Amino acid sequence: MRLNRVLRMSAAVVAAGLALTACGGGGSDTGSGSGAKNVVAKAKNDKKLTIGIKFDQPGLGQKQSDGSYAGFDVDVAKYIAKELGVEESGITWKEAQSAQREDLIKKGEVDYIVATYSITDKRKNEVSFAGPYFIAHQDLLVQADNTDITGPESLTGNKKLCSVKGSTPAQNVKEKYAKEVQLQEVGKYTDCVTSLLNKTVDAMTTDDVILAGYASQQPGKLKLVGKGFTDEKYGVGLKKDDTESITAINNAIKKMQQDGAWKAALEKNVGPSGYKIPEPPAIS
């Protein structure tokens, strides 16, 4: 009888220990692996990060034919990672299409996103932002020989305007400048470029720095209207209320601005398109 009681007690102790382990008890959370508290802790412990970028934006975030990644956003993402203790070899790149960005962050599929991600009040309800690391201005891309589209207010007569799902520019044009414009929303910016080249849409809208990259790829075929009409503050998107990581990433962006790497990255990636390099933004 005494032996049976001892065995039952031992079994109960083991079961309790297993339950405690499953719930994350019985030890401190160091922030490594899937149990990471935040981006800073994961970077420190794992020396690895998964970062969301665009794969189809020349000069900003583009997947090259050799499988590598290039662009200003890519350089910003790598600089931040290194400041957090992660070398480029420890980065896994993940495509972050506009309509998917909040979900990628909330589901933990990426640690942070650097993908021409405009900071808006609506998005701040779901995710947090560090930065801004750049301020762009919404503009229009049209056929090189187009003369009747001179700004957003000229998108009259049921003109067709292309942009991507989950981004703010096309809706902004319809609400503020040309209510009758026909919006065509697609998955990727390159789809808009194809439609514009095929003349199935009249214009494409997004931020000027993005459009400049596409114009440089199609010399003599496409042109930037050059009438910026909004301020788009690009931020680094990460999990809601990860305040420690926001501070660390902001410090990394400030250092990149101060040591000249920020300007050098823009000149290398965007400068060849003729885009005028602005002054770096103040970090909020």
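Relevant structure appears above.
The text that follows walks through the structure, step by step, so that each part is easy to find. (Residues numbered from 1 in each chain as written. Predicted model: local features only at pLDDT ≥ 70, side-chain atom pairs only at ≥ 80, totals over all residues. Heavy atoms only, no water.)

## Description of the nonpolar core
- With 57 residues, the main nonpolar core has Tyr-112 and Phe-134 as its most contacted residues.
- Top element by residues in this core is helix H3 (residues 72-83). It accounts for seven residues.
- Leu-140, Val-173, Val-181 and Ala-203 belong to the second largest nonpolar core, which has eleven residues in total. (Core = buried A, V, L, I, M, F, W, Y, C linked by side-chain atoms within 4.5 Å. Buried < 20%, exposed > 50% of the residue type's maximum accessible area, 1.4 Å probe, protein only. Helix = DSSP H or I, 4+ residues; strand = E, 2+ residues; numbered from the N terminus.)

## Quick word on the sheet that holds strand S11 (residues 203-207)
- Spatial ordering of the open sheet is given by S10-S9-S11-S8-S12, a layout of five strands whose pairing is mixed. Two strands in the sheet have a free side with no partner beyond their single neighbour: strand S10 (182-186) and strand S12 (222-224). Each neighbouring strand pair of the sheet contributes to a mean axis angle of 30 degrees, computed without reference to strand direction.
- Alignment of strand S9 (residues 160-164) against S10, held across five bridges, turns out to be parallel. (Pairing = 2+ DSSP bridges. Axes fitted to C-alpha atoms, helices over the stretch in contact; angles between N-to-C directions.)

## Considerations on the sheet that holds strand S3 (residues 61-63)
- Here we have three strands laid out as an open sheet, ordered S2-S3-S4, and antiparallel in their pairing. At either margin of the open sheet sits one strand with a lone partner, and together these are strand S2 (56-57) and strand S4 (69-70).
- Here S2 runs beside S3; their pairing, made up of two bridges, is antiparallel. Each residue of the ladder has a partner; that of Asp-56, found in S3, is Gln-62.

## Here's the deal with H3
- Here H3 is twelve residues long and its end C-alpha atoms lie 17 Å apart, about the 16 Å a rise of 1.5 Å per residue gives.
- When you tally the buried positions in H3, you get nine out of twelve residues, the bulk of the element.
- Among the residues making up H3, those that are buried are Phe-72, Asp-73, Val-74, Asp-75, Val-76, Ala-77, Tyr-79, Ile-80 and Ala-81.
- Backbone geometry just after H3 places Gly-85 at a positive phi near 105 degrees. (Expected span 1.5 Å × (residues − 1).)

## Examining the side chain of Arg-101
- Locating Arg-101 in the fold gives a position in helix H4 (residues 101-106).
- Buried Arg-101, no salt bridge; nearest opposite-charge side chain is Glu-102, N-O distance 5.4 Å.
- Leave out the neighbours within four places in its chain, and Arg-101 touches Lys-54, Ala-96, Ile-113, Ala-115, Thr-116, Tyr-117, Arg-123 and Gly-166. (Lys, Arg positive; Asp, Glu negative; His and termini not counted. Salt bridge = Lys/Arg side-chain N within 4 Å of Asp/Glu carboxyl O. Contact = heavy atoms within 4.5 Å.)

## Description of the state of the cysteines
- Counted according to the given criterion, the structure contains one disulfide.
- Paired through a disulfide, Cys-162 and Cys-192 show a sulfur-sulfur distance of 2.1 Å. Its S-S torsion of approximately -85 degrees makes the covalent link between Cys-162 and Cys-192 left-handed. Pair noted here: Cys-162 is in strand S9 and Cys-192 is in helix H7 (residues 189-197), with a separation of 30 residues, a long-range link. Each member of the pair Cys-162 and Cys-192 is classed as buried. (Disulfide = S-S within 2.5 Å.)

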